[in-house]
Amino acid sequence: DVKVTQSSRYLVKRTGEKVFLECVQDMDHENMFWYRQDPGLGLRLIYFSYDVKMKEKGDIPEGYSVSREKKERFSLILESASTNQTSMYLCASRDRGREQYFGPGTRLTVT
Amino acid sequence: AQSVAQPEDQVNVAEGNPLTVKCTYSVSGNPYLFWYVQYPNRGLQFLLKYITGDNLVKGSYGFEAEFNKSQTSFHLKKPSALVSDSALYFCAVRDSDTGGFKTIFGAGTRLFVKA
């Protein structure tokens, strides 16, 4: 079974802090994604990566950056957390043309 | 541009009755279509997909979906609902022709099955 793990299930940070969310997949998938999920808005794509060291902006990249130094790991960075970044963050990976496999999510609260 | 619409925020059904969760989509090319389910405080789980071939697709937990090209719909169905089916369901689409990486998700439909 494909496994996607995220570093934290729940996280509470203060405004202005730098926040790292990490995601690891164990199926050698090329593509990895970061989404945020908000009620009534579904999933919105923040960034994705189609290969090591390659990244592309999604629909809502402002305030975020990413890093993919190894194939299995994709990190999301909030350079200076703000209260409007309070959300559920979901990582996913996918092989070419196939369905996505999601991690359990990180519920981030910024106070 | 790609888009997905799930017209119902919530669907209520009695246990044992058939259920339908609606989804319509818009893509410029040929669609890859997906349904995912999310249980409380969990990530999304893949249910089923349409890539090509038969319009009726069968998936996990007894769910199925029918691809209707003329109506641009991909409704999720189950003949007999269970209380344990209560969850949040997402329809998603990707344009296969453009070779894009992006999958567009609907806003989600909450299914509530009453015993």
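Provided above is the structure to which this section pertains.
The following refers to the structure shown. (Residues numbered from 1 in each chain as written. Chains lettered and ligands numbered in written order. Predicted model: local features only at pLDDT ≥ 70, side-chain atom pairs only at ≥ 80, totals over all residues. Heavy atoms only, no water.)

Further remarks concern the sheet that holds strand β1 (residues 4-6) of chain A. All names here are of chain A. The four strands lie next to each other as β1-β3-β8-β7, forming an open sheet whose pairing is antiparallel. Strand pairing shows two members of the sheet lacking a second neighbour, β1 and β7 (64-70), which therefore form its edges. Strand after strand, the sheet turns through a mean of 20° between neighbouring axes, direction not considered. Where β1 lies against strand β3 (residues 19-25), three bridges are found, and the strand directions are antiparallel. Of the residues in β3, the one forming a bridge with Q6 is C23. (Pairing = 2+ DSSP bridges. Helix = DSSP H or I, 4+ residues; strand = E, 2+ residues; numbered from the N terminus. Axes fitted to C-alpha atoms, helices over the stretch in contact; angles between N-to-C directions.)

Here the focus is the interface of chain B and chain A. In this complex, chain B contributes 21 residues to the contact, which on the side of chain A involves 24 residues. Taking both partners together, chain B and chain A bury about 1800 Å²; carbon and sulfur atoms supply 53% of that area. Inspection of the region where chain B meets chain A yields two salt bridges. Put simply, E99(A) and K49(B) hold a salt bridge, and the shortest N to O gap is 2.7 Å. Counting the contacts that link chain B with chain A gives six residue pairs in polar contact (both at pLDDT 80 or more). Mapped onto the side of chain B that touches chain A, the elements with two or more residues apiece are β5 (31-38), β6 (44-50) and β10 (87-95) of chain B. The leading source of residues in the side of chain B that touches chain A is β5(B), at four residues. (Contact = heavy atoms within 4.5 Å. Buried area = accessible area lost by both parts, 1.4 Å probe. Salt bridge = Lys/Arg side-chain N within 4 Å of Asp/Glu carboxyl O. Polar contact = N/O pair within 3.5 Å; in protein donor to acceptor, adjacent residues only side chain to side chain.)

Position of K78(B) relative to the elements: it lies in strand β9 (residues 73-78). Accessibility expressed as a relative area gives 8% for K78(B), which makes it buried. (Buried < 20%, exposed > 50% of the residue type's maximum accessible area, 1.4 Å probe, protein only.)

Our focus in this paragraph is the state of the cysteines. Residue and element names in this part refer to chain B. Summed over the entire model, instances satisfying the criterion amount to two disulfides over all chains. Disulfide pairing is shown between C23 and C91; the S-S distance is 1.9 Å. Taking the torsion about the S-S bond as the criterion, the C23 to C91 disulfide, at about -65°, is left-handed. A residue pair is termed long-range when its members are at least 10 positions apart, and C23 in the loop between β3 (19-21) and β4 (24-26) and C91 in strand β10 qualify at 68 residues. Both residues of the pair, C23 and C91, count as buried. (Disulfide = S-S within 2.5 Å.)

Here we come to the pairing of strand β8 (residues 64-68) of chain B. Residues and elements named next belong to chain B. Bridging between strand β7 (residues 56-58) and β8 involves three bridges; their strand directions are antiparallel. Note that in β8 the partner of V57 across the bridge is A65. Between the end of β7 and the start of β8, which pair antiparallel, lie five residues, with Y61 showing a positive phi angle near 60°. Here β8 runs beside β9; their pairing, made up of five bridges, is antiparallel. Bridge assignment links F67 to a residue of β9, and that residue is F74. Where β8 hands over to β9, the hairpin turn is made up of four residues, of which T72 adopts a positive phi near 45°.

Okay, the nonpolar core next. Counting residues in hydrophobic clusters, the biggest one holds 28 residues, and the most contacted among them are W35(B), L47(B), L48(B), F74(B), L76(B) and Y89(B). Looking at this core, the elements with two or more residues in it are β2 (10-14), β3, β5, β6, β8, β9, β10 and β12 (109-114) of chain B. Counting residues per element, this core draws most heavily on β10(B), which supplies four residues. In this structure, L48(B) is in contact with L33(B), F34(B), W35(B), V57(B), K58(B), G59(B), F63(B), E64(B), A65(B), F74(B) and L76(B), ignoring residues within four places of it in sequence. Formed by 20 residues, the second largest nonpolar core is a distinct cluster that contains L11(A), Y47(A), Y89(A) and V110(A). (Core = buried A, V, L, I, M, F, W, Y, C linked by side-chain atoms within 4.5 Å.)

Residue and element names in this part refer to chain B. If you walk through the whole model with that rule in mind, you get 13 aromatic pairs over all chains. Each ring, one from Y36 and one from F105, has its centre 5.7 Å from the other, and the planes form 45°; the classification is tilted. You can see Y36 sitting in strand β5 and its partner F105 sitting in strand β11 (residues 104-105), a full 69 residues away along the chain. The two residues Y36 and F105 agree in class, both being buried. (Phe/Tyr/Trp six-rings, centres within 6.5 Å; stacked < 30°, edge-to-face > 60°.)

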